Amino acid sequence: MEMKRIGLGFGKPDENPRQHVPLDEFADNLSSMVRYLRSVGVAESRVVLVTPPPLCEAAWEQQCLAQGHRLNRRNSVAGEYARACAQVAYDCGTDVLDLWTLMQQDNQDFSTYLSDGLHLSPKGNDFVFSHLWPLVEKKVSALPLLFPYWKDVAEANPEWSLLGELGEGGPAPAAPAAGHPPARAHSEEVH
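Residues numbered from 1 in each chain as written. Predicted model: local features only at pLDDT ≥ 70, side-chain atom pairs only at ≥ 80, totals over all residues. Heavy atoms only, no water.

Regarding the confidence of the model for the protein
Alright, step 1. When pLDDT is averaged across the protein, the result is 81; 76% of the residues are at 70 or more.
Alright, step 2. Within the protein, no element has a lower average pLDDT than strand E1 (residues 6–9), which sits at 61, and none a higher one than helix H4 (residues 99–102), at 97.
Alright, step 3. For residues 166–170, every residue scores under 50 in pLDDT, and the model assigns this stretch three contacts once sequence neighbours within four places are set aside.
Alright, step 4. Confidence over residues 172–191 falls short of pLDDT 50; this stretch has 26 contacts with residues more than four positions distant or in other chains. (pLDDT = per-residue confidence, 0-100. Helix = DSSP H or I, 4+ residues; strand = E, 2+ residues; numbered from the N terminus. Contact = heavy atoms within 4.5 Å.)

Structure below.
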């Protein structure tokens, strides 16, 4: 199966020595991943790099203190990693979804996008989807349909609508709904 789109996103950097990846290494790793994808036939135009979202330090600090730790992440550092991710996307010719910038645009309260100051809340996941889907949709909208639009399926004989004419004398295909491409038989080659 051919890869249609790939999104790469990673968590926020932190000061935990077991998890921390230095900024330069982070950027090199992202570049290496895009180069690897290219080497196995995935074009840069099919890759979306996703920056880390911002960090709500006040909320995350409460989580850290509750576990007997000091604040171990900074929003400014998350921003450095977000900028590095965006630069890699630019250098490699991929799309980027810059969550760090978008969530803080116009000084909006981004804390509602985070369940604990660090991890995405349901509203944060909705935010990601609402911004990621247009990037994906613009790439897949030109792909051919494998099956007819649902309104074009003949209720009396859905098999024919989905599989095409299986023999002589089959019914003529229904006219497509306005604004939708006509249904294609299953024998057409799809790229």
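Details of the side chain of threonine 94
Alright, step 1. Take threonine 94: it is sitting in the loop between helix H3 (75–92) and strand E3 (95–97).
Alright, step 2. What makes threonine 94 buried here is its relative accessible area of 10%.
Alright, step 3. Dropping the residues within four chain positions of it, threonine 94 is found in contact with Val34, Glu44, Val47, Leu49 and Ala89. (Buried < 20%, exposed > 50% of the residue type's maximum accessible area, 1.4 Å probe, protein only.)

A short note on the packing of helix H1 (residues 23–39) against H3
Alright, step 1. The contact between H1 and H3 brings their axes to 10 Å, and the two run at 35°. Remark: the crossing between H1 and H3 carries right-handed chirality. Note on element contacts: H3 touches H1 through Glu80, Tyr81, Ala84, Cys85, Val88 and Cys92, opposite Leu23, Phe26, Ala27, Leu30, Ser31 and Val34.
Alright, step 2. Among the residues forming the contact of H1 with H3, the class breakdown is 10 nonpolar, one polar and one charged. (Axes fitted to C-alpha atoms, helices over the stretch in contact; angles between N-to-C directions. Left-handed = near helix turned anticlockwise from the far one by under 90°. Nonpolar A, V, L, I, M, F, W, Y, C, P; charged D, E, K, R; others polar.)

Quick look at the packing of aromatic side chains
Alright, step 1. Counted under the stated rule, the structure contains three aromatic pairs.
Alright, step 2. Taking 4.6 Å as the distance between ring centres and 45° as the angle between the ring planes, the aromatic pair formed by tyrosine 113 and phenylalanine 127 counts as tilted. Placement of tyrosine 113 in the loop between H4 and helix H5 (122–140) and of phenylalanine 127 in helix H5 is noted, with a sequence separation of 14 residues between them. Considered together, tyrosine 113 and phenylalanine 127 belong to a single accessibility category, that of buried residues.
Alright, step 3. Lying over the aromatic face of tryptophan 100, arginine 83 brings its terminal NZ or CZ to 5.5 Å of the ring centre. (Phe/Tyr/Trp six-rings, centres within 6.5 Å; stacked < 30°, edge-to-face > 60°. Lys NZ or Arg CZ within 6 Å of the ring centre and 35° of its normal.)

Remarks on the nonpolar core
Nonpolar side chains tend toward joint burial in soluble globular proteins.
Alright, step 1. By size, the foremost hydrophobic cluster in this structure holds 14 residues, and its most contacted members are Phe26, Leu30, Val34, Val47, Leu49, Cys85 and Val88.
Alright, step 2. Among the elements of the structure, H1, strand E2 (47–50) and H3 are those that each provide at least two residues to this core.
Alright, step 3. Of all the elements, H3 adds the most residues to this core, at six residues.
Alright, step 4. Setting aside its immediate chain neighbours within four residues, valine 34 contacts Glu44, Val47, Leu49, Cys92 and Thr94.
Alright, step 5. Judged by nonpolar contacts, the second largest core, of 12 residues, contains Phe110, Tyr113, Leu114 and Phe127. (Core = buried A, V, L, I, M, F, W, Y, C linked by side-chain atoms within 4.5 Å.)

Details of the pattern of salt bridges
Alright, step 1. Following the criterion strictly, the structure yields three salt bridges and no others.
Alright, step 2. Of the charged contacts in the structure, one is a salt bridge between glutamate 57 and arginine 74, with a shortest N-O distance of 3.3 Å. Separated by 17 residues along the polypeptide, glutamate 57 in helix H2 (residues 57–66) and arginine 74 in the loop between H2 and H3 bring together distant segments of the chain.
Alright, step 3. Given a relative accessible area of 40%, arginine 74 falls into the partly exposed group. (Salt bridge = Lys/Arg side-chain N within 4 Å of Asp/Glu carboxyl O.)

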